[in-house]
Amino acid sequence: MSGINGDTQLEYWIDRYQNLIFSICFQLTKDYFDAQDLTQETFLSAYKNMSGFDGRNERAWLCKIASRKCLDYLKHSGRKQIPSDDQFLIICSPAESSPEQDLMEKALRQELYDCCMKLKEPYRQTALDYFYHEMDAGEIAARTGKNLKTVQTWIYRARAMMRRLYRKEDLYDR
C-alpha cells in the first residue's frame, strides 16, 4: 500500500466494494438499516486498521471484517441468526450476480422505495434521495437549497421512521 494515502485507499474500497459489503451485512442481519450501519462500521474499521493490512486480497480482508462486525452485532443484540461456515462462504462468493441475486436486489430496492413513499414530506423526498438514490447529505442540501444540518436531521428522522415501518411490516408477515 505504499504510495497511496489512507483517504484515497478508503475511497477506492468504498467505490469498489460497498455493494458487496452491504450485501454481506444485509444477508447476515436481514435488516436494511442495520446492514447500512454495519457497512459503514466495516469501512471505518478497515480505515483504522489499514496499517496492519498487507495489501493482498483486499476483497477477502474486507469481507472478513464485515462478517465479524455482523457476528459481533448479532451476538451482542441477543439474536440467534449467526450464520454457519457454509452460509459465510456462500455470502463471500464471487461478486458475479446471478439471476436470483438480481431478482432479490430488485425486490429489495422496490421494498425500500415503497417504504420511502409511506413517509410524509420532507422526509419522503429526503429518504428517496438518501437511501434509494444514494445521494449524500451535502448533495441533497445543494439540490434543495436547505441547510446541511437540516438535511442531516431529516435523514436521521427518516431513518427512524422507516425502521419503525419496516419492523411493523415484518411483524405482520409472520
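Located above this text is the structure these notes cover.
Small disclaimer: the values here were computed from a predicted structure and weren't measured.

Participant: I tried to follow the packing of helix H6 (residues 123-132) against helix H7 (residues 137-144) on my own but got confused; where do I start?
Facilitator: In a pair of packed helices, the angle between the axes and the distance between the axes together describe the arrangement. It is at 10 Å that the axes of H6 and H7 come closest, and there the two elements cross at 135°. Comparing their axes, H7 and H6 come out oblique. For H6 against H7, the interelement crossing comes out right-handed. Between H6 and H7, the contacting residues are Gln 125, Thr 126, Asp 129 and Tyr 130 on the first element and Ala 137, Ile 140 and Arg 143 on the second. Taken together, the residues that form the contact of H6 with H7 break down as 3 nonpolar, 2 polar and 2 charged.

Participant: Any chance you could explain unusual backbone geometry here in plain terms?
Facilitator: Across residues other than glycine, the phi torsion is negative in most instances, and most of the peptide bonds are trans. The omega torsion across Glu 121 and Pro 122 is 5°, close enough to zero to call that bond cis. Counting through the fold element by element, Pro 122 comes out in the loop between helix H5 (99-117) and H6. Backbone geometry at Lys 30 places phi at a positive 60°, although glycine is not the residue there. Looking at the secondary structure, you find Lys 30 in the loop between helix H1 (6-29) and helix H2 (32-48). One non-glycine residue, Glu 134, adopts positive backbone phi at about 55°. Tracing the backbone shows Glu 134 in the loop between H6 and H7. Under the relative-accessibility criterion, Glu 134 is labelled exposed at 54%.

Participant: What am I meant to see in the packing of aromatic side chains here?
Facilitator: In this description, an aromatic ring pair is defined by two values, namely the gap between the centres and the angle between the planes. Inspection of the entire model under this criterion finds 8 aromatic pairs. With centroids separated by 5.4 Å and ring planes inclined at 85°, the aromatic side chains of Tyr 32 and Phe 33 adopt a geometry described as edge-to-face.

Participant: Would you take a moment to explain empty space enclosed by the protein for this structure?
Facilitator: Gaps left between atoms are located by rolling a probe of water-molecule size over the structure's atoms. Counting across every chain of the model gives 1 cavity of 30 Å³ or more. Here the largest cavity defines a volume of roughly 70 Å³. Tyr 32, Phe 33, Leu 108, Glu 111, Leu 112, Cys 115 and Tyr 166 are the residues that line the largest cavity. Elements supplying a minimum of two residues to the lining of the largest cavity: H2 and H5. At 4 residues, the largest contribution of residues to the lining of the largest cavity is made by H5. Considered class by class, the residues forming the lining of the largest cavity number 6 nonpolar, no polar and 1 charged.

Cut-offs used in this document
- Residues numbered from 1 in each chain as written.
- Predicted model: local features only at pLDDT ≥ 70, side-chain atom pairs only at ≥ 80, totals over all residues.
- Heavy atoms only, no water.
- Axes fitted to C-alpha atoms, helices over the stretch in contact; angles between N-to-C directions.
- Helix = DSSP H or I, 4+ residues; strand = E, 2+ residues; numbered from the N terminus.
- Parallel < 35°, antiparallel > 145°, perpendicular 65-115°, else oblique.
- Left-handed = near helix turned anticlockwise from the far one by under 90°.
- Contact = heavy atoms within 4.5 Å.
- Nonpolar A, V, L, I, M, F, W, Y, C, P; charged D, E, K, R; others polar.
- Buried < 20%, exposed > 50% of the residue type's maximum accessible area, 1.4 Å probe, protein only.
- Phe/Tyr/Trp six-rings, centres within 6.5 Å; stacked < 30°, edge-to-face > 60°.
- 1 Å grid on protein atoms, 1.4 Å probe; cavity = no way out; pocket = protein on both sides within 12 Å on 5 of 7 lines; lining within 4 Å.
- Points joined across faces, edges and corners; volume = space filled by probe spheres on them.

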